[in-house]
Amino acid sequence: MKIVLNGETRDVSAETLSDLLLECGFSGRVATAVNEDFVPSSLRIGHKLTDGDRIEVVAPMQGG
């Protein structure tokens, strides 16, 4: 399936948001949005992805 992850088009095999994070190597605390709607971590495992979804993944950064 083709999705847009952080502005980059990708072909992925993941069917849920949780699986996508694992497939793309995201770990630790991240914030996620699908098609501009925030998806809390507790709902990622059941959030089904569809072809063309736009996903944003943001990780907190240290510094200042």
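Residues numbered from 1 in each chain as written. Predicted model: local features only at pLDDT ≥ 70, side-chain atom pairs only at ≥ 80, totals over all residues. Heavy atoms only, no water.

### Overview of the overall build of the protein chain
Turning to step 1, where the next piece is worked out: Across its full length, the protein chain holds 1 helix and 5 strands.
Turning to step 2, where the next piece is worked out: Traced from its N-terminal end to its C-terminal end, the protein chain shows the element sequence β-β-α-β-β-β.
Turning to step 3, where the next piece is worked out: Projected onto the principal axes, the alpha-carbon positions of the protein chain cover approximately 35 × 25 × 20 Å.
Turning to step 4, where the next piece is worked out: Scored against the burial criterion, the 64 residues of the protein chain give a buried share of 28%.
Turning to step 5, where the next piece is worked out: For the protein chain, the share of sequence-separated contacts (at least 6 apart) that also reach a separation of at least 24 residues comes to 50%.
Turning to step 6, where the next piece is worked out: Surface summary for the protein chain: the accessible area is close to 4,400 Å², and the carbon and sulfur share equals 51%. (Helix = DSSP H or I, 4+ residues; strand = E, 2+ residues; numbered from the N terminus. Buried < 20%, exposed > 50% of the residue type's maximum accessible area, 1.4 Å probe, protein only. Contact = heavy atoms within 4.5 Å. Areas by Shrake-Rupley, 256 points an atom, 1.4 Å probe, with all protein chains shown as cover.)

### Re the pattern of salt bridges
Turning to step 1, where the next piece is worked out: Counted according to the given criterion, the structure contains 3 salt bridges.
Turning to step 2, where the next piece is worked out: In this structure, Arg10 and Glu8 form a salt bridge, with 3.7 Å as the shortest nitrogen-oxygen distance.
Turning to step 3, where the next piece is worked out: Measuring nitrogen to oxygen at the nearest pair gives 3.8 Å for the salt bridge that ties Arg54 to Glu36. In this pair, Arg54 is assigned in strand β5 (residues 54-58) and Glu36 in the loop between β3 (31-34) and β4 (37-39), connecting sequence segments 18 residues apart. (Salt bridge = Lys/Arg side-chain N within 4 Å of Asp/Glu carboxyl O.)

### A look at the nonpolar core
Turning to step 1, where the next piece is worked out: Core analysis: the biggest nonpolar cluster contains 13 residues, and Leu17, Leu20 and Ile55 have the highest contact counts within it.
Turning to step 2, where the next piece is worked out: Looking at this core element by element, the count peaks at 3 residues for helix α1 (residues 17-23). (Core = buried A, V, L, I, M, F, W, Y, C linked by side-chain atoms within 4.5 Å.)

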